[in-house]
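Coordinates in review
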Amino acid sequence: MTSARDTVLGRIHDALVLAPTPTVVVPRAYRTGRALPDDARLDLFTDRLLDYKARVHRCTADRTAEVIGEALEGHGARLIGVPTGLDARWLTAYDGEVREDHPDVPPAQLDTLDAVVTASAVGCAETGTIFLDGSPGQGRRALSLVPDLHVCVVDLSTVEAGVPEAVARLVPERPTTLISGPSATSDIELERVEGVHGPRTLVVVIRTDA
Amino acid sequence: MRIGLFATCLGDTLFPDAVKATAILLTRLGHDVVFPPEQTCCGQMHINTGYQREPVPLVRNFADGFGDASIEAVVMPSGSCAGSVRRQHRIVADRYGDAALRAGVDAVAEKTYELSELLVDVLGVTRVGAYFPHRVTYHPTCHSLRMLRVGDKPLQLLRAVEGIDLVELPGADSCCGFGGTFALKNAETSTAMLHDKTDNITATGAEVCTAGDSSCLMHIAGGLSRIRSGTRTLHLARILAATRTTPDVLTEASV
Amino acid sequence: MSTFLGMPAPPPRSPYGTGNLRGDHSFPRAAHDELGNDQLRRNLGRATGTIRAKRLSVTGEIPDWEALRDAGSAIKTDTMNRLPELLEQLEHKVAERGGTVHWARDAAEANAIVARLVRATGSDEVIKVKSMATQEIGLNEHLESVGITPYETDLAELIVQLADDKPSHILVPAIHRNRDEIRRIFLDHIPGVDPDLDNVPAHLAAAARGYLREKFLTAKVAVSGANFGIAETGTLAVVESEGNGRMCLTLPDTLITVMGIEKVLPRYQDLEVFLQLLPRSSTGERMNPYTSLWTGVTPGDGPQDFHLVLLDNGRTAALADAIGRTALNCIRCSACLNVCPVYERTGGHAYGSTYPGPIGAVLTPQLAGMHAAKDDPNSSLPYASSLCGACFDACPVKIDIPSLLVELRRQHTEQTGVTPEKLAMKAAAAVMRRPGLYTAAQKASALGRVVAGRDGTISRLPPPLSGWSDSRDTAAPPRETFRSWFASDEGRAALRSAASEQNSDRIGENGEQAERNSAHNGEDAT
């Protein structure tokens, strides 16, 4: 008996014989390889993040801990989760409880966290997008998803101008999450409402000299 | 310029005033208007309703009638017929015709224009000496807007008309709901679209709603007449043909 | 693969009677009911108006939008040309990274595979990410029939599921519901919901969050669709907004993804095009809040048991049509629905298929056929358009939907036997091909003047024209055709007079002069 695989592939072959089409050359005349100066990228990235109701703090690297501490305190976070590999110096201004994540921690336990603090892999200025890829300091995907507050540190040097430039920096095999603002929905009368299942608050700490 | 005039079957039979206006306008601009008498219909209604074998003789007839090299341009007071000639005739020729027909179709398609295209792009005129002292709103018909891409050429022509009070039509680029046999096969949906269009037209307070297609205007006029609106429809050619010495008299609700 | 040896056979459509690719009534009949619903019209008008403005704003702000459309269109066409090798590459890469790939010829086979995989986990429930493919195959209905409870987690899908309703839009399945109706549905169907829940969208969203939280945290199996599957790397992509997708794709132990075979993309780099085209076209955002990209199984992160089900269900039948196959390029953004004047009035239910609107009108008949039954409702879909072309302009991958509709109409009339319409079309063409006959017919049409009222209009016409005359007057035919005028003394005199006017009246001969003239006009006005 022919397998479903062979049947479907056979049908595709037949279809392409019945209706052949000439070879296509893909035109890639869209913008790629853009390099914008630091201040232009910073302003664009900030503008787009704010447009999506993310909270944005800009600081130099030496103020990282201070800004994170203030953000957590401002939201009343007393129990936070962090991924393995997060720079411990970032939490020196925070005096609440810290739990380092582990793959065996069940989702329900993540739900008890007030907040999560992570680093990030890449940013895209034009769309206000942050890319997390599970590298050290970013954690598994569940960690940055379940807690209601996500404090994410983005180094300006990792922020690219547009989508092609940002995608070029990704490692395909890594589980990658693109985040553009807090979770949102347009499902009621096509009006955007921030805050559904993902973190309802996204705090982005942009380090301008890192 | 020697210009072949295609009246379109609808224009020839039901709305001759728009075609007359086209002939008069082009003649007034100093051009030689010829009317190949063997012309009938471009076949658009057939093609858009799903019939492509039947209009093969019509496509051939069109290509033969206007193929004469002495005809430098072919004009028609209809965006959708011009669209059919330029976009659909070659599909019919390829599928049900032959190479000779395809060649004939291509040759004619290249020199075929809707009225505003001919005036602005080919003849380089926007100010045609028209005088039309009325409040007018313009509905861009779908095929002139999106198939031919006439853009604001009709508006350029209208803005240059002396005495005109041109008012913008809200939701102008929404279809009026005609769509040929769509208005019969899906009459209720078509009516819903028509009502929104006539509401928008009425809201402008215009005396006249103009457009580049008699078919869409027939549809809009039918809706305006049914609701006893005071707004008339008038083909763009009639406004452009109207002058101080030979004004268009707004008597009938005709297109 | 025995089929390779013989003559190629046209691939089969989606089997009749399975899945959700066919309604109960023809489009005009179904639209009749929807058109009578004023609330629906208001809801749709408001929602589509909002989204159109947003889409135009974000597609207009980037200078290379057209270049992106050109690239997107070409990538999809190239993909269809190379579908066998790309699918085999995808299969290989997913397997290499610890996933399992299944193939499904049709809806029934895909449903059976998913049900078997769910049972194997010991779970009797699944959480679901919004997915067109699983809607199409009727997966929820099948799972329920074998004792597995599916929970839709997308807000709009949840609204539809709670109300025992049907989706009416690709992106926003509950677009036909307004906030008051949604509040009522939640109050009636969400256990333990706050009885003081108001109609503020943020509060409604919060109610959904509360309801689904426990499901996300405890479910063992999730089912998703996929927006893209990258052949080069085996990476799958889900584009979403609410985070329900991330929950489903990340928290359960087992993930089952059902993907149409046309969703494959050749290269990872191609995401740079589609991650710009899709969000801007669908929700009118520069980027959607969340996109998940995963490749097989990642130890310690997300589901450790991953299955990909590759679905045909009529896609190869569409692929066998040189013109129709471009409908497979669709990336399900729903921009064509939002700009369609027909969809705006009738809503999505009138199309009877998981895929409504302009793209549905060309995709549904190709996947499921137009002649599977007598008076097949799908055969009315290609006619459910005024061919206004707004969909083509909005489509991020430049699918020429109006031309596809015209082609499907041709296929329909070619496959249909003799009908009164066909006879009328033949008769009309026979007259129009002979100028002599045509002129005689024109004279006959002038007889229409007889039936016109004193005001020169006709307000009542017999079938099949009665639908027209129900809401439109028709002007009586004129006394004289253009051609007889042109040949008459009156016509000749009018043209002579026009020619002489040309000599007496200086008229702008070129654009430059016209510009000067209008500039002069402007001065007069001030």
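Residues numbered from 1 in each chain as written. Chains lettered and ligands numbered in written order. Predicted model: local features only at pLDDT ≥ 70, side-chain atom pairs only at ≥ 80, totals over all residues.

**Focus on the overall build of chain A**
We apply this condition: Strands are runs of DSSP state E lasting at least 2 residues, helices are runs of H or I lasting at least 4, and numbering of each runs from the N terminus. The globule rule is 2.2 Å times the number of residues to the power 0.38, and the radius of gyration it is compared with is taken over C-alpha atoms. Burial in this document is a count-based property: other C-beta atoms within 10 Å of a residue's C-beta are tallied, and the residue is buried at 20 or more, exposed at 12 or fewer, or partly exposed in between, with C-beta positions derived from the backbone. Each residue gets a C-beta atom placed from its backbone, and two residues are in contact if those atoms lie within 7 Å.
Along the backbone of chain A there are five helices and twelve strands. By the compact-globule yardstick of 17 Å for 210 residues, chain A is too spread out, its C-alpha radius of gyration being 21 Å. When the backbone C-alpha atoms are referred to their principal axes, chain A occupies close to 70 × 45 × 40 Å. Expressed as a percentage of its 210 residues, the buried residues of chain A come to 51%. Counting contacts in chain A only where the partners sit at least 6 residues apart, residues at least 24 apart contribute 74% of the total.

**Some points on the domain arrangement of chain C**
Operational definition: Where each domain starts and ends comes from a domain assignment, either automatic or drawn from a database.
Under the domain assignment, chain C is made up of domain 1 (27-144 + 220-327) and domain 2 (420-479). Placing a centre on the C-alpha atoms of domain 1 of chain C and another on those of domain 2 of chain C gives a separation of 49 Å.

**Quick word on the interface of chain C and chain A**
Heads up, the rule is: Under the scheme applied here, ten amino acids are nonpolar (Ala, Val, Leu, Ile, Met, Phe, Trp, Tyr, Cys and Pro), four are charged (Asp, Glu, Lys and Arg), and all others, including Gly, are polar. When DSSP finds two or more bridges between a pair of strands, those strands are recorded as paired.
Contacts between the two partners involve 82 residues from chain C, matched on the other side by 64 residues from chain A. Top element by residues in the side of chain C that touches chain A is helix α3 (residues 65-81) of chain C. It accounts for nine residues. Partitioned by chemical class, the residues of the side of chain C that touches chain A number 44 nonpolar, 22 polar and 16 charged. Where strand β9 (residues 176-179) of chain A and strand β9 (residues 290-295) of chain C come together, four bridges link them in antiparallel fashion.

**A few points about the sheet that holds strand β8 (residues 232-235) of chain B**
Residues and elements named next belong to chain B. Quick reminder of the rule: Fitting a line to C-alpha atoms yields each axis, with helices limited to the stretch in contact; the angle taken between N-to-C directions then spans 0 to 180 degrees.
The strand order across the open sheet formed by four strands is β6-β5-β7-β8, and the pairing between neighbours is parallel. Sheet topology places β6 (165-167) and β8 at the edges, where each strand pairs with a single neighbour. Within this sheet the neighbouring strands show an average axis-to-axis angle of 35°, counted without direction. Here four bridges tie strand β7 (residues 208-211) to β8, and the two strands are oriented parallel to one another.

**Concerning the UniProt feature "domain: LUD" (unreviewed entry) in chain C**
Rules: UniProt positions are given in the numbering used here, feature names are shortened, and annotations may be inferred rather than shown by experiment.
The positions that UniProt labels "domain: LUD" (unreviewed entry) are, in the present scheme, residues 87-297 of chain C. With 44% helix and 19% strand, residues 87-297 of chain C has end C-alpha atoms that lie 19 Å from one another.

**Here we look at the arrangement of the chains**
Take the two pairs of chains in contact: the one carrying the most contacts is chains A and C. The closest approach of any C-alpha atom in chain A to one in chain B is 14 Å; the two make no contact.

**Quick look at the pairing of strand β2 (residues 79-82) of chain A**
All names here are of chain A. Here β2 runs beside strand β3 (residues 97-100); their pairing, made up of four bridges, is parallel. From the neighbouring strand, Gly81 faces β3, where its bridge partner is Arg99. Across two bridges, the pairing between β2 and strand β4 (residues 115-118) is parallel. Looking at β4, one finds that Ile80 is bridged to Ala115.

**Observations regarding the sheet that holds strand β12 (residues 201-207) of chain A**
All names here are of chain A. Read across the sheet, six strands follow the order β1-β12-β7-β4-β2-β3 without closing on themselves; strand pairing throughout is parallel. Here the strands that pair on one side only, and so sit at the sheet edges, are β1 (55-59) and β3. Strand after strand, the sheet turns through a mean of 20° between neighbouring axes, direction not considered. In this fold helix α2 (residues 38-51) packs onto β1 and β12, with an angle of close to 155° to the strand it touches most, β1. Where helix α3 (residues 64-74) meets the sheet, it contacts β1, β2, β4, β7 (149-155) and β12, and its direction lies at approximately 165° from that of β12.

**A few points about the interface of chain C and chain B**
Chain C puts 68 residues into the contact, and the matching count from chain B is 71 residues. Here the residues of the side of chain C that touches chain B sort into 33 nonpolar, 21 polar and 14 charged.

**Quick notes on the packing of helix α5 (residues 79-96) of chain B against helix α6 (residues 99-110) of chain B**
All names here are of chain B. Counted only if it meets this: Angles are sorted into four bins: roughly parallel if under 35 degrees, roughly antiparallel if over 145, roughly perpendicular if 65 to 115, and oblique for all others.
It is at 9 Å that the axes of α5 and α6 come closest, and there the two elements cross at 175°. The pairing of α5 with α6 is recorded here as roughly antiparallel in orientation. Contacts between α5 and α6 pair Val85, Arg86, His89, Arg90, Ala93 and Asp94 from the former with Leu101, Arg102, Val105, Asp106, Val108 and Ala109 from the latter. Class assignment for the residues of the contact of α5 with α6 results in six nonpolar, one polar and five charged.

**Let's talk about the UniProt feature "domain: Lactate utilization protein B C-terminal" (unreviewed entry) in chain C**
Mapped onto this numbering, the UniProt entry annotates "domain: Lactate utilization protein B C-terminal" (unreviewed entry) at residues 420-487 of chain C. Segment residues 420-487 of chain C splits into 50% helix and 6% strand. End C-alpha atoms: 36 Å apart.

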